Amino acid sequence: MTDAVHAAGGLIFLQLWHVGRISHPDFHDGALPVAPSTIKAEGEVFTWNGKIAMVTPRALKTEEVADVVKQFHQAAINAMIAGFDGVEISGGGGFLPDQFLQSGSNQRTDQYGASVEKRTRFALEVVAAVAEVFGSERVGA
């Protein structure tokens, strides 16, 4: 696909996202989805078994947050290998970066929670990790 877009003279960006608490164990071999805090999102999710109520996620341990940032970094590397010209980080609309930003879904007391400055830390770390791969001029958020 990237080759076809380039052959037509275009650029192509890949969207990177992590749904965090709005996922479901059906997508994780029965494991709970991860989130900043153990706060259940309202609503339902579509799974292989149809529409199912969302579950209470497992809060990421402080040391696990860095692993998720590394996953975004690796995803950016994979996008570059696949020939994408850049990436957009889907950071709003209830996705994981947004969950860290919102006080309603982030009740952490470590360096990723409480104050606005601390709640932005995860998103800023993800942007920095992805920009390490593509450069800041090829990363949208």
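First, a word on scope: everything that follows refers to the structure included in this document.

### A word on the overall build of the chain
A tally of regular secondary structure across the chain gives five helices and seven strands. Starting at the N terminus, the α and β elements of the chain follow one another as α-β-β-β-β-β-α-β-α-α-α-β. For the chain, the C-alpha atoms occupy an extent of roughly 45 × 40 × 20 Å along the three principal directions. Taking all 141 residues of the chain together, 40% fall into the buried category. Split by element, the accessible area of the chain, about 7700 Å² in all, is 56% carbon and sulfur. Taking the average place of the 11 positive charges on the side chains of the chain and the average place of its 16 negative ones, the gap between the two points comes to 7 Å.

### As for the packing of aromatic side chains
Centre-to-centre distance and the angle between the planes together describe a pair of aromatic rings. Counted according to the given criterion, the structure contains five aromatic pairs. Between phenylalanine 27 and tryptophan 48, the ring centres sit 5.3 Å apart and the planes meet at 75 degrees, which makes this aromatic pair edge-to-face. Here phenylalanine 27 is found in the loop between strand S1 (13–16) and strand S2 (34–35), whereas its partner tryptophan 48 is found in the loop between strand S3 (44–47) and strand S4 (50–53), with 21 residues between them in sequence. Summarising the aromatic geometry, the rings of phenylalanine 100 and tyrosine 112 are spaced 6.1 Å apart at their centres and angled 70 degrees between planes, so their arrangement reads as edge-to-face. Placement of the pair is phenylalanine 100 in helix H3 (residues 96–101) and tyrosine 112 in the loop between H3 and helix H4 (116–119), with a sequence separation of 12 residues.

### Comments concerning the pairing of S3
Burial along S3 is one-sided: Val45 and Thr47 are buried, while Glu44 and Phe46, pointing the other way, are not. The pairing of S3 with S4 spans four bridges and is classified as antiparallel. Residue pairing for S4: glutamate 44 is matched across the bridge by alanine 53. Hairpin connection between S3 and S4: a loop of two residues separates the two successive antiparallel strands.

### Side note on the sheet that holds S1
In sheet architecture, strand pairing relies on hydrogen bonds along the backbone and comes in two forms, parallel and antiparallel. If you trace the three strands from one edge of the open sheet to the other, you get S1-S6-S7, paired in parallel fashion. Edge strands, defined here as strands with exactly one partner in the open sheet, are S1 and strand S7 (139–140). Where strand S6 (residues 86–89) and S7 come together, two bridges link them in parallel fashion. Counted as the bridge partner of valine 87 is valine 139 from S7. Lying on the sheet, helix H2 (residues 62–81) is in contact with S1 and S6; it crosses S1 at an angle near 160 degrees. Contacts from helix H5 (residues 121–134) reach S1, S6 and S7, with the element oriented near 170 degrees to S6.

### Considering the pairing of S6
Sheet topology places S1 next to S6; four bridges connect them, and they run parallel. Counterpart to leucine 16 in the pairing with S6 is isoleucine 89.

### Side note on the nonpolar core
Phe72, Phe122 and Val130 are the most contacted members of the largest nonpolar core, which has 24 residues in total. Every element with two or more residues in this core is listed here: H2, S6, H3 and H5. For this core, the element with the most residues is H5, which contributes seven residues. Phenylalanine 72 has contacts with Leu16, Trp17, His18, Ile89, Phe122, Val126 and Val130, leaving out every residue within four places of it along the chain.

Scoring rules and cut-offs
- Residues numbered from 1 in each chain as written.
- Predicted model: local features only at pLDDT ≥ 70, side-chain atom pairs only at ≥ 80, totals over all residues.
- Heavy atoms only, no water.
- Helix = DSSP H or I, 4+ residues; strand = E, 2+ residues; numbered from the N terminus.
- Buried < 20%, exposed > 50% of the residue type's maximum accessible area, 1.4 Å probe, protein only.
- Areas by Shrake-Rupley, 256 points an atom, 1.4 Å probe, with all protein chains shown as cover.
- Lys, Arg positive; Asp, Glu negative; His and termini not counted.
- Charge placed at Lys NZ, Arg CZ, Asp CG, Glu CD.
- Phe/Tyr/Trp six-rings, centres within 6.5 Å; stacked < 30°, edge-to-face > 60°.
- Pairing = 2+ DSSP bridges.
- Contact = heavy atoms within 4.5 Å.
- Axes fitted to C-alpha atoms, helices over the stretch in contact; angles between N-to-C directions.
- Core = buried A, V, L, I, M, F, W, Y, C linked by side-chain atoms within 4.5 Å.

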